[in-house]
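Okay, here's what each chain looks like letter by letter:
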Amino acid sequence: LLGRLNGVCAPTSTSFPLSMLCQTRGCTFTDGAFAVAPMMDYTNRFLRKLLRQLSSHATLYTEMVTANTLVHCDMSELPRFLEYDVPREHPVVLQVGGADPTLLRRAAVFAERWGYDALNLNCGCPSDRVAGSGCFGAALMSDAPLVAACCAAMAEGCPSVPVTVKCRIGVVGTAEEAINADEERLYEDLANFVSIVAGSGVNHFAVHARQAVLGGLSPEANRRVPPLRHGLVHRLAADFPQLSISLNGGIESMAAAVAHVPSGERRDGCVSGVMVGRSVVGRPWQWATVDSTLYGDADPASNRRQVLEEYAQYAEREEARSKQRIRRLLLAPTINLFAGEPLGKKFRAALDQRVKDESLSMSSLIVETAEAVLLPETLDASPRAIWNSHERCYEELSGGHEATQPMQQPRQVLS
């Protein structure tokens, strides 16, 4: 297919022995009811630290690291790509990119050494750097036998760590092809891809319910222009009940997540869970009820004052032990914690201004800025409280998302 897509390169089929595919079966894994998608420049260990404060159960993914990077970088550089908060960050999945089974097998060794819960192969990234000149990511969906060989090689490199795949529902050369796709043909190709790759021992697939357009669309446009086809992912789960299939793409609220995984548990013929990306980065507090909603457990964060105080202490330790300037990286996970809240924009602006003062400790920078700018009610509101702009107060929501009585008396907000 890809050889015909406007000159976009296609991976060359490998001579890696497919006879060993059956030897990799046995390691099973599922993301559970909720996972945060791997996102370049976002899901580093600092954001994952803050997200773990919001959910004890969500599966967290690293940024994609190429196999070439892991194999050829200096050993002293490995913590930069592989370090995480042990043991609190579990479950955590290492995502790798590449199309060379031999290189991927060597890279997989690190997933086992560093104690990751699973190792994921990126078959979904549509960027030119990855799927174009890199000839991996979403480009791999054109060569299911190669993907199967890659996964088998990865399993050989880390026999105690399950290997999983993140992919799209398909690949095309133009946006017009994606918009006008024949769903039956599209599903046949997707099912064939999953069937072949599952033969290598892969039992979990995270499927973005859009096609990847390999040529002419930016990664951002690839998350917006190709139509969402959630039904195909649900159909895949029904046709492959022995596999774990999680749904990614277009899930922007807890209500939408619950609509796909109503009980929070895997049922035969249903998707095993949902994977959310940009919405978590843009409004992390919106997802602070994941544990109570999807797992039937208590939410670990009582309020954002608690979250900021704990994260600030962590940030101070990390900054003190780092030989590099990481202050802005440490600050980044907090900037959207009050998105959509009263004075939330002023909080972001104040952080951006005060981060320039290097005499401030991280606690002063994060906690004191929040206390100086935001309403006390905002800092102390529970995850189930929402701001009523008409009454100018917070209201607690029940599990059914029905407003109850206001938490506090209305307080005047300047902007």
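Residues numbered from 1 in each chain as written. Predicted model: local features only at pLDDT ≥ 70, side-chain atom pairs only at ≥ 80, totals over all residues. Heavy atoms only, no water.

**Q** Mind showing me how you'd approach the overall build of the protein chain here?
**A** The helix and strand tally for the protein chain stands at 18 helices and 12 strands. Here the protein chain holds 415 residues, and 54% of them are scored as buried. Taking the contacts inside the protein chain whose residues are at least 6 apart along the sequence as the reference set, 74% of them involve residues at least 24 apart. Put simply, the protein chain shows about 17700 Å² of open surface, and 49% of that area lies on carbon and sulfur atoms. (Helix = DSSP H or I, 4+ residues; strand = E, 2+ residues; numbered from the N terminus. Buried < 20%, exposed > 50% of the residue type's maximum accessible area, 1.4 Å probe, protein only. Contact = heavy atoms within 4.5 Å. Areas by Shrake-Rupley, 256 points an atom, 1.4 Å probe, with all protein chains shown as cover.)

**Q** What's the story with the pattern of salt bridges in this structure? I'm lost.
**A** For the coordinates displayed, the defined rule picks out 19 salt bridges. Notably, a salt bridge pairs Arg235 with Glu184, separated by 3.0 Å at the nearest N-O pair. Of this pair, Arg235 sits in helix H10 (residues 230–239) while Glu184 sits in helix H8 (residues 183–198); the two residues are 51 residues apart in sequence, bridging distant segments of the chain. Looking at Arg235, the relative accessible area reads 31%, which means it is partly exposed. We classify Glu184 as partly exposed; its relative accessible area is 42%. Notably, a salt bridge pairs Glu220 with Arg224, separated by 3.1 Å at the nearest N-O pair. (Salt bridge = Lys/Arg side-chain N within 4 Å of Asp/Glu carboxyl O.)

**Q** What should I look at first to understand the pairing of strand E10 (residues 385–388) in this one?
**A** Two faces, one strand: in a regular strand the side chains alternate between the faces of the sheet. Pairing between E10 and strand E11 (residues 393–397): 4 bridges, direction antiparallel. Within E11, the position partnered with Asn388 by the bridge is Cys393. Here E10 hands over to E11 after 4 residues, with Arg392 in that stretch at a positive phi of 55°. (Pairing = 2+ DSSP bridges.)

**Q** Even after reading the chapter, I still don't get the packing of helix H6 (residues 144–157) against H8, so can you show me in this structure?
**A** How two helices sit against one another is set out by the angle between their axes and by the gap between those axes. As a packed pair, H6 and H8 sit with axes 8 Å apart at the nearest point and diverge in direction by 30°. Taken as axis vectors, H6 and H8 run roughly parallel relative to one another. As for how H6 packs across H8, the hand of that crossing is right-handed. Here H6 contributes Ala144, Pro145, Val147, Ala148 and Cys151 to the contact with H8, which in turn contributes Phe193, Ile196 and Val197. (Axes fitted to C-alpha atoms, helices over the stretch in contact; angles between N-to-C directions. Parallel < 35°, antiparallel > 145°, perpendicular 65-115°, else oblique. Left-handed = near helix turned anticlockwise from the far one by under 90°.)

**Q** Explain H10 here, please?
**A** Because each turn of an α-helix spans 3.6 residues, side chains separated by three or four positions in sequence point in the same direction. Among the residues of H10, those classed as buried are His230, Leu232, Val233, Leu236 and Ala237. What you see down the axis of H10 is that its buried residues fit within an arc of 165°, all on one side. In this fold, the buried residues of H10 make contact with strand E6 (163–172), H8, strand E7 (204–213), strand E8 (244–248) and helix H11 (254–260). (Arc of directions from axis to C-beta.)

**Q** I would appreciate a short explanation of helix H14 (residues 304–321) in the present structure.
**A** With 18 residues, H14 should reach 26 Å at 1.5 Å per residue; the first-to-last C-alpha distance of 26 Å fits that figure. Listed in full, the buried residues belonging to H14 are Arg304, Val307, Leu308, Tyr311, Ala312, Tyr314, Ala315 and Glu318. Looking at the buried positions of H14, the neighbouring elements they touch are helix H1 (45–54), helix H15 (327–331), helix H17 (362–373), helix H18 (376–380) and E11. Between a side-chain oxygen at the N-terminus of H14 and the backbone nitrogen of Arg305 the separation is 3.1 Å; the capping residue is Asn303. (Expected span 1.5 Å × (residues − 1). Polar contact = N/O pair within 3.5 Å; in protein donor to acceptor, adjacent residues only side chain to side chain.)

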